[in-house]
Amino acid sequence: MGGLSAEEEELPEHPRNLCMKLLGELRAKNLAILGTFEYEFTLGKKNASGELKPLFSTRPTFSTTEFSRIEDMLYEFDAALLELGIEVHTMNIEYGQGQVEITTKPVFGIASADNAFTFRSFAKEFFARKDLVATFMCKPLDDPHGACNGGHFNHSLWAVGASAEGANMFADEGFTCSWIKGALEHSNALQALAAPTVSCYNRVVAWSWAPTSASWGVENRTCSLRYKKGGKKGSYLEWRAPSASANPYLVLAGLLAGGLHFVGDRPADGFESLPCGKDGLRGSAYDDSEACPLPTNLTTSLDALKADSYMESMLGSRFIRWFDKVKRKEIESVGGDATVESCQQQYLDLL
């Protein structure tokens, strides 16, 4: 995949080009990012009136019985992805009606976003040939109890250079603190990139298994950054804010911009310097009154992105203006109403 260009001149605001620029800044610090997107999507069929009906109506999370009914189709999808160079890591039934989750093997650099872009596009095409709709719209069904579609980004940073070749930097407390600090400090601005549609904000509610605050914790699924300690090789972070609707290039670019802010500033007091304290947030982030709340609608997220001068310096003022203008027009088109009915017309087939 090449970057979008006009008259042989590359457009720096194109999401993939922007992502490559920030990966270059990471490489200048002798670092590389290893990552993968963890996608949830909904399978169903449209009825005569165009309404989406889920492939299954229960919420049999991790049910092998429900999985067995569609396993042949999913294994065929797995094999097709492998031919495209994308290796599936896990796949299972999730907590929404018709909802499936598939994770892929982590890869370095731009390949993580390229694989995510290809995965989503191919999924829609593959299941369409099975007379099914596959949608990455955040909340495609009027189901008050089911989970919305997330697109978590799992990642770790690795040293590239003579002295520390192959070292996982997230096994280093000081470095991990610096990265978490940057990502949390710019969380409100990043929300516009992680939750870029009106529908996404159906997910930013308590007990949705999506974060509602700029918080971090060890193995805490209610935080925006979930730190998974796995020693020198297995430690990584899961950024849980992105929805399945988000552009993977902008998710990666935004995270790189935020995370890089304090890289090189190693806090002497380690994790104690971070919000939520040295052990991160324990218990439910939804019940923590001190955690900084994330924006709960797209307009507020866009306001935060425009107001963040650091993020503007990293992403570029032209990109910020372009993104803001497009998204505010989108809000007008949907009417600012996050109900399933109003959002389906805008997003169901598109995402």
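Please read all numbers here as calculations on a predicted model, not as lab measurements.

1. Some thoughts on the packing of aromatic side chains
Tallying each qualifying case throughout the model produces 23 aromatic pairs. Here the aromatic rings of F122 and F126 are separated by 5.9 Å at their centres, their planes lie at 50 degrees, and the arrangement is tilted. Taken together, the residues span about one helical turn, with F122 and F126 both in helix α3 (residues 111-128) at a distance of four residues. Of the two residues, F122 and F126, both sit in the buried class. Note on F126 and F127: the rings are 5.0 Å apart at their centroids and 85 degrees apart in plane angle, and the pair reads as edge-to-face. Summarising the burial analysis for this pair, F126 and F127 share the class buried. Aromatic ring contacts, followed pair by pair, group F37, Y39, F41, F77, F119, F122, F126, F127, F136 and F153 into a single cluster. Across the ring face of F262, the terminal group of K181 is positioned such that the distance to the ring centre comes to 4.4 Å.

2. A few points about helix α7 (residues 248-260)
Between its first and last C-alpha atoms α7 spans 18 Å; for 13 residues at 1.5 Å apiece the expected length is 18 Å, and the two agree. Burial analysis of α7 places 13 of its 13 residues in the buried class, the great majority of the element.

3. Side note on helix α2 (residues 64-83)
Helical periodicity: at 3.6 residues per turn, an α-helix aligns residues three or four positions apart in one direction. The largest bend in α2 is about 65 degrees, located at I70. Structurally, α2 contributes buried residues whose contacts are with β3 (31-46), β5 (88-93), β6 (99-104) and α3. Two or three places before T65, at the opening of α2, S63 has a side-chain oxygen 3.3 Å from that residue's backbone nitrogen. Looking one or two residues past α2, G85 carries a phi angle of roughly 90 degrees, positive in sign.

4. Description of the side chain of N115
Turning to its location among the elements, N115 is positioned in helix α3. Other than its neighbours up to four places away in sequence, N115 contacts I86 and V107.

5. Digging into the pairing of β6
Within β6, six of the six residues are buried, which leaves it mostly tucked inside the rest of the structure. Judged by which residues are buried, β6 turns out to be covered on both faces: Q99, E101 and T103 on one side and V100, I102 and T104 on the other are all buried. Sheet topology places β3 next to β6; five bridges connect them, and they run antiparallel. Its bridge partner lying in β6, E38 is registered against T103. Here β5 runs beside β6; their pairing, made up of five bridges, is antiparallel. Across the sheet, residue I93 finds its bridge partner in β6, namely V100. From the end of β5 to the start of β6, which pair antiparallel, there are five residues, and G98 there has a positive phi angle of about 70 degrees.

6. What about the packing of α3 against α7?
Contact pair α3 / α7: the axes reach a minimum separation of 8 Å and the direction vectors enclose 155 degrees. By the angle between their axes, α3 is roughly antiparallel relative to α7. Seen from above, α3 lies across α7 with right-handed handedness. Residues S112, A113, D114, A116, F117 and R120 of α3 lie in contact with α7, whose contacting residues are P248, Y249 and L252. Residues of the contact of α3 with α7, tallied by class, amount to six nonpolar, one polar and two charged.

7. A look at the nonpolar core
Core analysis: the biggest nonpolar cluster contains 100 residues, and F41, F77, F127, L157, W179, L305 and L315 have the highest contact counts within it. Per-element accounting of this core gives the leading share, nine residues, to α7. In this view, F41 contacts G98, Q99, V100, I102, F119, F127, A134, T135, F136 and N149; residues no more than four positions away in its chain are not counted.

8. Some points on the pairing of strand β12 (residues 225-228)
Residues L225 and Y227 line one face of β12 and the alternating positions R226 and K228 line the opposite face, and both faces are buried. When strand β11 (residues 216-218) meets β12, the two strands line up parallel, connected through three bridges. What sits directly across from V218, in β12, is Y227. Sheet analysis places β12 next to strand β13 (residues 236-239), joined by four bridges and oriented antiparallel. Pairing of K228 across the sheet is with Y236, part of β13.

9. Regarding the pattern of salt bridges
Pairing is possible between side chains that carry opposite charge, provided their charged atoms lie close to one another. Within the structure shown, the criterion is met by 17 salt bridges. R328 serves as the salt-bridge partner of D303, at 2.7 Å between the closest nitrogen and oxygen. With a gap of 25 residues between them, D303 in helix α8 (residues 298-307) and R328 in helix α10 (residues 317-334) connect regions that are remote in the sequence. On the basis of relative accessibility, which here comes to 23%, the residue R328 falls in the partly exposed class.

10. Here we look at the state of the cysteines
One pass over the structure, following the stated rule, counts zero disulfides. The cysteine C200 is free of any disulfide, with C138 supplying the nearest cysteine sulfur at 4.8 Å. For C200, a relative accessible area of 1% puts it in the buried group.

11. Topic: the environment of E83
Summarising the element assignment, E83 is placed in helix α2. In this structure E83 comes out as exposed when scored by relative accessible area, which is 74%. As for E83 and V251, which are separated by 168 residues in sequence, their C-alpha atoms are 26 Å apart.

Conventions we followed
- Residues numbered from 1 in each chain as written.
- Predicted model: local features only at pLDDT ≥ 70, side-chain atom pairs only at ≥ 80, totals over all residues.
- Heavy atoms only, no water.
- Phe/Tyr/Trp six-rings, centres within 6.5 Å; stacked < 30°, edge-to-face > 60°.
- Helix = DSSP H or I, 4+ residues; strand = E, 2+ residues; numbered from the N terminus.
- Buried < 20%, exposed > 50% of the residue type's maximum accessible area, 1.4 Å probe, protein only.
- Lys NZ or Arg CZ within 6 Å of the ring centre and 35° of its normal.
- Expected span 1.5 Å × (residues − 1).
- Bend = angle between axes of the 7 residues up to and from the residue.
- Contact = heavy atoms within 4.5 Å.
- Polar contact = N/O pair within 3.5 Å; in protein donor to acceptor, adjacent residues only side chain to side chain.
- Pairing = 2+ DSSP bridges.
- Axes fitted to C-alpha atoms, helices over the stretch in contact; angles between N-to-C directions.
- Parallel < 35°, antiparallel > 145°, perpendicular 65-115°, else oblique.
- Left-handed = near helix turned anticlockwise from the far one by under 90°.
- Nonpolar A, V, L, I, M, F, W, Y, C, P; charged D, E, K, R; others polar.
- Core = buried A, V, L, I, M, F, W, Y, C linked by side-chain atoms within 4.5 Å.
- Salt bridge = Lys/Arg side-chain N within 4 Å of Asp/Glu carboxyl O.
- Disulfide = S-S within 2.5 Å.

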